[in-house]
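Here's the letter readout for the chains.
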Amino acid sequence: MGLEKFVIEGGRPLKGEVTVSGSKNAALPILAATILAEGPCDIGGVPVLRDVDVLARILGELGVKIERGATGRVAAQVVSEDKSFAPYELVSMMRASFCVLGPLLAKRGYAKVSLPGGCAIGDRPVDLHLKGLRALGADIKIEHGYVIAKADKLRGTNIYLGGPSGSSVLGTGNVMMAAVLAEGTTIIEHAACEPEVVDLANFLIAMGASIDGAGSHRIKIRGVRRLEGCEYNVIPDRIEAATFLMAAAATGGEVIVRNIEPTHLEAVIDKFREAGLGFNRNCKTVAMSGKVRPKEVELTTLPYPGFPTDLQAPMMALMALGQGATVFTDLIYPERLHHVAELKRMGARVIRVNNTCVVIGVDKLQGAPVMASDLRAGAALVIAALCAEGETHLRRIYHIDRGYENFEGRLLSLGAKIRREPDEAPEKPPVV
Ligand code: EPU
């Protein structure tokens, strides 16, 4: 299939209700964890996304049969343990696939998995994943771009997983998935606390693992001999939920977001409050009313429960039309700022110094041809385009298809004017 673009006509406030899909970043490691199961797994709330399809292909190569059922359910069952090889061609399409390493090693004693390499948001090292697996006793070599890991037996131990930017979400997940079948007890110190890590832990527990402390910086795992299949439902996607709330606020609309877990979004809701936005929070819904322009705030991305890096770009699009000057600093991915230049092309006023941006709110944005550099940058540009005067042609929307299920369909149902078209413009090599 050729490239596609979104054509968005701005200036229509979003109105109505939208239901959040299951979390992409919870579903991916959970699907990888099915490698560990002796029986069939039945998983609900798996979003229909390109990233899930890529992981399903990789799992297929690894002998896990994945079948999509109705309404977000996925059946996964190991049918062969012959191949433990995840090739570069697939892993480089999606970094999260690196988290097949821990389960392969624990269950099959051997794994050859391509190093994922960097991406548009930065270098994205995997040293913490490897440090944790080595501490469990794995013999790990890097050869020709591949991680080759072997272990006759993994042994529980104490592992400190803090890195230069704090904890690692997938690093914690990878090590946890290996430790569940290790002999003895593993303690992960400086573990990531993200809800997606808790969801993975709960899935492993449903399979028979013994895990305490997920959601804190100290996770204790007592190894068990085997894990069974199970039935499980993935948590709602907190990033998608907040993206819809930000789009509602930015367009001056009125939107009720359903299937939301507001406690997963405390830092974001706190910024909404500080910005003076009109929202109403209930148990499983948040209603946003964008009657006022947001006031300036100061915002630094941090590991959970801090403000998520994945919402830095969408929030910047919202504040581009705010009052005053909002200061953004991304401490997790200091290079995750490619959307800045594109927002500026739409009329945003942004001053950038290293990983800090000062966004000075303007009265209006203008539609323009722009390009998504990654998933969340793409979401930010959609928000900006929905507010802008005139038409925006947003290219490289394959990034958005990685992480927002039927994004344009759901925006259409909220009254947006957005359509998907073939992108006829040739892809050019970057201008240097
Ligand atoms: N880091 C290291 N060494 C490692 C691993 C990470 O130094 O071995 C650093 C990273 O460079 C970064 C920080 O630690 O500065 C946090 O990275 P983390 O490992 O937590 O990121 P990740 O697990 O690879 C997940 C999400 C990302 C999200 C980050 C941070 C998935 C599939 N991906 O990535 O989501 O930005 O956590 O919250 O769960 C997205 O959905 O758009 C996305 C990029």
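This one's a predicted model, so the numbers in the text were calculated from it and none came from an experiment.

### As for the overall build of the protein chain
Here is step 1 of the chain: Looking only at helices and strands, the protein chain features 14 helices and 24 strands.
Here is step 2 of the chain: Relative to the compact-globule value of 22 Å for 432 residues, the protein chain shows a C-alpha radius of gyration of 21 Å, a close match.
Here is step 3 of the chain: Taken over the C-alpha atoms alone, the protein chain extends approximately 65 × 45 × 45 Å along its principal axes.
Here is step 4 of the chain: A total of 432 residues make up the protein chain; the buried ones form 56% of that total.
Here is step 5 of the chain: Within the protein chain, contacts between residues separated by at least 24 positions form 73% of all contacts whose residues are at least 6 apart in sequence.
Here is step 6 of the chain: Total accessible area on the protein chain is roughly 17100 Å²; 51% of this is exposed by carbon and sulfur atoms.
Here is step 7 of the chain: Here the protein chain contributes 50 positively and 49 negatively charged side chains, and the mean placements of these two sets differ by 1 Å.

### A short note on the packing of helix α8 (residues 238–250) against helix α12 (residues 375–387)
Here is step 1 of the chain: Relative orientation of the contacting elements α8 and α12 amounts to 20°, with a least axis distance of 9 Å. For the element pair α8 / α12, the angle class is roughly parallel. Our pair here, α8 against α12, has a crossing hand that is right-handed. Of the residues in α12, those touching α8 at Ile-239, Thr-243, Met-246, Ala-247 and Ala-250 are Arg-376, Ala-379, Ile-383, Leu-386 and Cys-387.

### Describing the sheet that holds strand β5 (residues 74–78)
Here is step 1 of the chain: Spatial strand order, β4-β5-β3-β14: 4 strands in an open sheet with mixed pairing. In this open sheet, the two strands that pair with only one neighbour each are β4 (64–68) and β14 (231–233). Along the sheet, successive strands turn relative to each other by an average axial angle of 20°, direction set aside.
Here is step 2 of the chain: Pairing of strand β3 (residues 41–44) with β14 involves 3 bridges; the strand directions are parallel. Pairing of Ile-43 across the sheet is with Tyr-232, part of β14.
Here is step 3 of the chain: Against the sheet, helix α7 (residues 195–206) engages β3 and β14, with an angle of about 165° to β14.

What counts, and where the lines are drawn
- Numbering of residues starts from 1 in every chain and runs along the sequence as written.
- Reporting of local features is limited, given that this is a predicted model, to residues whose pLDDT is at least 70; pairs of side-chain atoms are given and counted only at 80 or more, and all residues count toward the totals for whole chains, interfaces and linings.
- With hydrogens and water stripped out, all remaining heavy atoms of the structure feed into the side-chain values.
- Strands here are runs of E lasting at least two residues and helices are runs of H or I lasting at least four, both read from the DSSP assignment and numbered beginning at the N terminus.
- Every radius of gyration here is taken over C-alpha atoms, with the globule rule written as 2.2 Å times N^0.38, N being the number of residues.
- The rule is simple: take the accessible area with a 1.4 Å probe, protein chains only, and divide by the maximum for that residue type; under 20% is buried, over 50% is exposed, in between is partly exposed.
- Should any heavy atoms of two residues lie within 4.5 Å, those residues are counted as being in contact.
- Per-residue accessibility takes into account occlusion by the displayed protein chains alone, with areas from the Shrake-Rupley method and a 1.4 Å probe.
- We treat Lys and Arg as the positive residues and Asp and Glu as the negative residues; His and chain ends play no part in the count.
- In plain terms, the charge of a residue is placed at NZ if it is Lys, CZ if Arg, CG if Asp and CD if Glu.
- Interaxial angles span 0 to 180 degrees and are taken between N-to-C directions of axes, which are lines fitted to C-alpha atoms, for helices over the stretch in contact.
- Any angle that falls under 35 degrees is termed roughly parallel, while one over 145 is termed roughly antiparallel, one within 65 to 115 roughly perpendicular, and all others oblique.
- The sense of a crossing depends on the near helix, which, turned anticlockwise from the far helix by less than a right angle, makes the crossing left-handed and, turned clockwise, makes it right-handed.
- At least two bridges found by DSSP between two strands are what make those strands a pair.

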